[in-house]
Amino acid sequence: MKVKSNGGNRPRIVEWIDARLPVFTYLQREYGEFPMPRNVNYLWSLGAIASVFFAILMVTGIFLAMHYTAHKDLAFDSVERIMRDVNWGWLLRYMHMNGASFFFAAVYIHLLRGLYYGSYKAPRELLWIFGVVLLLCMMASAFLGYVLPWGQMSYWAATVITNLFSAIPLVGDMLVSWILGGYSVDNPTLTRFYALHYLMAFVIAAVIGLHVIALHIVRSNNPLGIEPKSADETVPFHPYLTAKDGFAIVVALIAFSLFTFFAPNMLGETVNYVPANPLQTPPHIVPEWYFWPFYAILRAVPNLWIIDAKLGGVIAMGASILVLFFVPWLDTSPVRSARFRPIYRGFFWVLIAAIVALGWAGSRPPEGAALWVAKAATLYYFAHFLVVLPLLGRREKTLPLPASISAAIKSGAA
Amino acid sequence: MQESETDKAGEDSRREFLSLVTTAFGAAGVATALWPFINSMNPAQDVLAASTTDVDLDPIAAGQSITVLWRGKPVFVRHRTPAEVAAARAVPAAELRDPVSDEARATKPEWIVLVGVCTHLGCVPLGQRPGDSRGDFGGWFCPCHGSHYDTSGRIRRGPAPANLAVPHYSFRDSNVLRIG
Amino acid sequence: MRARRMIRPLAALMLAGVGLWLAPVRAAEEIELPRIKWSFSGPFDRFDRNAARRGFEVYTQACQFCHGLRFLSFNSLAALGFDESELSAIAAAREVLDGPNDDGDMFKRPARVSDRMPPPFANEKAARAANNGALPPDLSLMIKARNGGPDYVFGILTGYDKAPQGFAVAPGLNYNRVFPGHQIAMPRPLSAGAVTFTDGTPASVEQAAHDVVTFLAWASEPTLEERKRVGTRVLLFLLTFAALVFAIQQRLWARLH
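To keep things clear, this report deals only with the structure shown in the data block. Remember, it's a predicted structure, so these values are computed and weren't measured experimentally.

Right, let's get into the pairing of strand β8 (residues 169-173) of chain B. Residues and elements named next belong to chain B. Judged from the four bridges that link them, β8 and strand β9 (residues 176-179) form a sheet pairing that is antiparallel. If you follow Tyr169 over to β9, its bridge partner there is Ile179. Between the antiparallel neighbours β8 and β9 lie two residues.

Next up on the list: the nonpolar core. Among the nonpolar cores identified, the biggest contains 139 residues, and Phe104, Leu115, Tyr381 and Phe385 of chain A are the most heavily contacted of them. With sequence-adjacent residues up to four places away left out, Phe385 of chain A is seen in contact with Leu115, Val323, Leu324, Val327, Leu330, Leu351 and Pro390 of chain A. Of all hydrophobic cores here, the second largest spans 47 residues; its members include Leu69, Leu157, Tyr160 and Ala209 of chain C.

Residues and elements named next belong to chain B. Spatially, β1-β9-β8 is the arrangement adopted by the three strands of the open sheet, whose pairing is antiparallel. Looking at strand neighbours, the two that pair on one side only are β1 (53-56) and β8, the edges of this open sheet. Within this sheet the neighbouring strands show an average axis-to-axis angle of 30 degrees, counted without direction.

Contact with chain A, which involves 13 residues of that partner, is made by 13 residues of chain B. Counting the surface lost from both chain A and chain B, the interface buries some 1200 Å², and carbon and sulfur atoms represent 60% of this. Of all residues in chain A, Asp85, Asn87 and Trp88 of chain A bury the most surface against chain B, accounting for 43% of the area lost on that side. Across the chain A-chain B interface, the total number found is one salt bridge. For the salt bridge of Arg81 of chain A with Asp46 of chain B, the shortest nitrogen-to-oxygen distance reads 2.6 Å. Listing elements by their share of the side of chain A that touches chain B, those giving two or more residues are α3 (46-65) and α5 (89-116) of chain A. Classifying every residue of the side of chain A that touches chain B by side-chain character gives seven nonpolar, three polar and three charged.

Another aspect to go through is the interface of chain A and chain C. Listed per partner, the contact involves 57 residues of chain A and 53 residues of chain C. Across the chain A to chain C interface the summed buried area is about 5000 Å²; carbon plus sulfur atoms make up 70%. When the area that chain A buries against chain C is broken down by residue, the three leading residues are Arg84, Tyr240 and Phe262 of chain A, summing to 14%. Where chain A touches chain C, the interface holds two salt bridges. Linking Arg116 of chain C and Asp85 of chain A is a salt bridge whose minimum nitrogen-to-oxygen distance equals 3.2 Å. The interface formed by chain A and chain C includes 13 residue pairs in polar contact (both at pLDDT 80 or more). Elements that contribute at least two residues to the side of chain A that touches chain C include exactly α4 (75-84), α5, α10 (237-262) and α14 (342-362) of chain A. Top element by residues in the side of chain A that touches chain C is α10 of chain A. It accounts for 16 residues. Class assignment of the residues belonging to the side of chain A that touches chain C gives a composition of 38 nonpolar, 10 polar and nine charged.

Conventions and cut-offs
- Residues numbered from 1 in each chain as written.
- Chains lettered and ligands numbered in written order.
- Predicted model: local features only at pLDDT ≥ 70, side-chain atom pairs only at ≥ 80, totals over all residues.
- Heavy atoms only, no water.
- Pairing = 2+ DSSP bridges.
- Helix = DSSP H or I, 4+ residues; strand = E, 2+ residues; numbered from the N terminus.
- Core = buried A, V, L, I, M, F, W, Y, C linked by side-chain atoms within 4.5 Å.
- Buried < 20%, exposed > 50% of the residue type's maximum accessible area, 1.4 Å probe, protein only.
- Contact = heavy atoms within 4.5 Å.
- Axes fitted to C-alpha atoms, helices over the stretch in contact; angles between N-to-C directions.
- Buried area = accessible area lost by both parts, 1.4 Å probe.
- Salt bridge = Lys/Arg side-chain N within 4 Å of Asp/Glu carboxyl O.
- Nonpolar A, V, L, I, M, F, W, Y, C, P; charged D, E, K, R; others polar.
- Polar contact = N/O pair within 3.5 Å; in protein donor to acceptor, adjacent residues only side chain to side chain.

So this is what it looks like as structure tokens:
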């Protein structure tokens, strides 16, 4: 499988194929010689890690679909049959469940890496936008997939989230019954969610493709945020990054295995092992951990002027993701990396603290301290993007940038 | 990059070897990881433990047949007349395409129990209902490609390579047959 | 120098992650659950077969009249060490609904080992009618379906008590220390000596509760032992593989400096 880097004396079959469809030339160019800044750190492996978890989700999902039955009377039992009777079914399902969590974890760190090192700045705006589109697709897919086991939390998550659309003035209620295919979450909802969940896998694969193509045009940023100026500031992707990413992937898989094999239900909700019951809501409705911050924002908004809390919450939650699309233009600083932006670095960690606080608040009932924390953190979240980024970029006194990546490596600053 | 040439060559070959070992290790891991996926498509435990089927034999008069479903397949249960038994036992087994004696196929001579799936390409042979063609040997006839089975369900003419299969069965009382 | 710079943001992110994990302490009313050392809770642990078998006896003597185990077939009990003749006897003692027969009627027949355990009531309405309006839940997934898992179920079974002074228990309900709201429809299911064990173990309430919880934990996840066994092997493989890839990576990158 190893592609020789000298390009010559390839086997004749390879030459024959390559002359007709240059896959080998492409692989050699994009994954063999592809120049990577030599100062990238392990945070630059998160994209590869996320891809691995996506692949795990895709493959386990296809095999789970062979055993799953999308019918409200059979879905729960078919999942339990997968867990008990299907050969290795428990492994497929636990990998799929925990794979979703790890995919989100990898993508969140990947995204925060981009924020810290200014990876969204010119010329990488489109790369960043494809990334945010990916996040949206993942969220949709995670929600759709969560409904399929048809447990109590599946059912009530579907009810609560689809009801968000009823906040839209005038057409809201019509829209909700269109989404549900009825007046409540029922069999038509389940079958369409199954179809769309399966579809989303391929949509995500396509957007990952666009994201990667865009990356290979503008190439990777690096911790210094300055472009490589000469060949000796880069290393070929293979073997340097294949080895480094490979190690990072195996470490991620170790963490994944710890959950999948030894605490497979730790990230899930116990009440989802109770079959869906349309007559009884569980006492504490809470989404999976990766939705907690957004769930907190949804519930943090009070009645404001003419906008009631319900609509306000929906708008705020939508805006918390939409604002990411505009980050490349909201951040006015000419310097990419937070390493040379001491004040921005401080604000970045405040943002992290706000997101963690939102996550904590989102996991709790919206009352008392949790509600006030959610309100404060929501305010900061939006202020960070809409106020701090634009103003700070103009006023901050940044540290002097090194002349080049090599210069920084020589001085020990890289 | 400023190592001497010999150092570099030694280092290169060591690294080459390490890469080979690691690649082999990883490939073995991926190959092993494929097994759960492949095996998940095999029959599941509840399918393997497929239940048995009980048949009440009292209502089946001599010369009559019934068809019951067992593991998703039709099973033929025929109450043979003495003439049918005699016809089946008169044939020297050695002359048959799939040589098995009728005694080995029917533990009680008057009852023959067969998986009703033609051994050629899986159609269900005719011969269960009174009006059906029973083929040239008085047993069953597969209309798909013209296989003739005798009153013991053995292949006598046509493309089928083997006799109709006999499922595992037992008589619980004199009048209850348990298939499986 | 370089390594430390790389590690700092990583460490901070991991800290943030840990913070997220520690956050979701359940906000409901805090009820102290008993903390039992279960035979199956550690990473290499297996179910205590003797306890689980006794637990099945508790289930048949004290639970099965109201609570089903609809995901279990009789022959799955073989995993607890019941042999074929024991399984046949266990199955034959129960009746399942089969049919329709040739007359078009449903009929009852003794269960066979390949049958799923029959439900105690024909349907939800029948169950509620027989239980003062309450629905006894199916127990197949009980241990996985409650926060606190085995400790919670053990707590319920041993949590029956006289209501404290001033605590009004509604008619038809029973006081229970562990149940949320302290009023449970299920009457006290276990009392000392109410169950007899074939192996002669004295059947105190604690013993019976411990054993039936062990049985139900197995019933909730019969693949638990296989999962841990496979997991150990996968981890050993991945750790070795990580060491190999790390060695390659270090040698490669060392040449750059």
